[in-house]
Amino acid sequence: MFLASLLPPQKMSAEKKKLSVIVPAIVLRGLLLAAALLLMQCDAAALGTTWPDISLIKAGGGLAQPVHITHAGDKSGRLFAVEQDGRIRIIRAGRLLAAPFLDISGRVLSGGEQGLLSVAFPPGFASTGRFYVNYTRRPDGATVIARYRVTLDPDIADPSSEEVVLVINQPFANHNGGQMAFGPEGFLYIGMGDGGSGGDPLNNAQNHASLLGKMLRIDVESGAVPYGIPPTNPFVQSPGYRPEIWALGLRNPWRFSFDRQTGDLYIGDVGQNLFEEVDFQPASSTGGENYGWNVMEASQCYQSASCSPAGLTLPVAQYDHASGDCSVTGGMIYRGQKYPRLRGVYLYGDYCSGRIRGLLADGGSFQNTTLLDSTLSITTFGDDESGGLYLADQISGSIYRIIDTVSGIPLPAGRESFTFPAAESPVVALDPSLMNPFGFGPLASGGDILEFQLALAQFTAPVDLYIAYSVSTDPTNVFLVRPDLSIQTISIQDAQQLLSGQPAPGIEPWQNNVAGPVDVNPFTLPATDLSAGIYTVYLLVTPAGRLDSYYLGNAAFVIP
């Protein structure tokens, strides 16, 4: 079915949030059949007390086993996606650039849990052009932290500019960790697994002289060669401890992140056989936490039937493997402005089940809930410069943006809200739980993508569907969505012909001969170079092969 090529099916619920219709002050010519502007509204009081209702929007594809997503902090609007086999790719405005940003696949030992595992851009990247990667090298699989530089082309890095910063030998092929990130103070944090095998047979996580099973913190931007040790690291003055250690007792910290607002650190640590966990370190910490592996797996004793948790920092969230979960993918806290209900929620996933959970700090405790059951193999979460959140599906090679289906778009001034009327059409079997043709999310980062929901009831006969949009600043044209999702500009006169059932040469439906319900939540419509104005999206339906269209409704938003 055509919907499968857009997004994995998302279940619609009869308890969907109520929508409002906004009657515009500007009446657009053509396509006018008692049109109303529909806009999502939120009860501000409820935003802080209810969990978000998240959905996924495809933001890019064509990647080979993506394992990391990040941005450069250089105001370029680019997303950087790391491919496991040794390439870093750029996604700009939803488009994957053909040339890799960096290709070091000849140096990378890839497969299983090995490969190019992350990239980190320091705060001064825009001026220095320096950045850092974490990979397992050929032929021995040792972890390499290396510095690279960008060429005169900002979208291309120089693979010959490598400066090796740190090498950590790996006794086994698995549990490499691999995440890097610059902390609030500008130091580089490196998550290292326990070295692999099972159960940490070499006791690396609790070995003070080993860098394995640790969170490391080093200074790579001060000019010290190969790197500096921050004097405030917790074990700098402790004999027998490696001074790079910031925290210990980790099994395989597959993705960690800092809260960009508070500086708190969240770590997703993959468990052994029974439990997955999320560990937490407040921004006020001076380091030195011991997260317990391999004395404990999450909050349970691991090596023996009884153990003492004294001196250990237990997880703030954990879950077992009973429901198909098996490997936590650490996530990120949403701090963007578009989705008020998402603010402050830490989103994390499970690679095996595709389940996405939310964690919310509530005073001295944490609330935890399941937000979405997906079919994805989630390898990583990431964010853009504006705070938008993304995740990667390893199997399909796609990047998805995470939204709350109830947005925080304010009601435009001078508009009145009404109840959305049920559409009357002989080809649509009305179902009150599904007659929610448009539920708006705001524009995606970059301002060139329209995002909305499509949820139509069962058709009594095959139909053709048309999607079009218009903008108040261009009253002479209507923009029609072609089957390949490209945009066709048509005149108001052609639009009027379509509505009246008269042939309009060259105009074809977005989808034809659709027999079943339409349930896409949300739908991404490419519309590049959007200027300021009132945008209205229209949905039309007609019996398959005929031109006598039945108007279903419209929705709109304002780009200031």
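### Some points on the layout of surface pockets
In this model, the largest pocket occupies a volume close to 720 Å³. Broken down by secondary-structure element, the contributors of at least two residues to the lining of the largest pocket are β4 (66–70), β9 (116–120), β13 (180–182), β17 (253–258), β23 (328–333) and β27 (378–383).

### Describing the sheet that holds β13
The 4 strands lie next to each other as β13-β14-β15-β16, forming an open sheet whose pairing is antiparallel. Strands with a single pairing partner mark the edges of an open sheet, and in this sheet they are β13 and β16 (245–248). Sheet twist, expressed as the mean angle between neighbouring strand axes with direction ignored, is 20 degrees. Note: β13 against strand β14 (residues 188–191), 3 bridges, orientation antiparallel. Bridge assignment links phenylalanine 182 to a residue of β14, and that residue is leucine 188.

### Quick word on the environment of leucine 56
Counting through the fold element by element, leucine 56 comes out in strand β3 (residues 54–60). With 347 residues separating them along the chain, leucine 56 and isoleucine 403 place their C-alpha atoms 6.3 Å apart.

### A look at the sheet that holds strand β18 (residues 265–269)
Pairing is antiparallel across the open sheet formed by 4 strands, whose spatial order is β17-β18-β19-β22. The sheet terminates laterally at β17 and β22 (317–320), the two strands that pair on one side only. Each neighbouring strand pair of the sheet contributes to a mean axis angle of 10 degrees, computed without reference to strand direction. Relative to β18, β17 runs antiparallel, the two being bridged by 4 bridges. Bridge pairing links proline 253 to aspartate 269 in β18.

Definitions and limits used
- Residues numbered from 1 in each chain as written.
- Predicted model: local features only at pLDDT ≥ 70, side-chain atom pairs only at ≥ 80, totals over all residues.
- Heavy atoms only, no water.
- 1 Å grid on protein atoms, 1.4 Å probe; cavity = no way out; pocket = protein on both sides within 12 Å on 5 of 7 lines; lining within 4 Å.
- Points joined across faces, edges and corners; volume = space filled by probe spheres on them.
- Helix = DSSP H or I, 4+ residues; strand = E, 2+ residues; numbered from the N terminus.
- Pairing = 2+ DSSP bridges.
- Axes fitted to C-alpha atoms, helices over the stretch in contact; angles between N-to-C directions.

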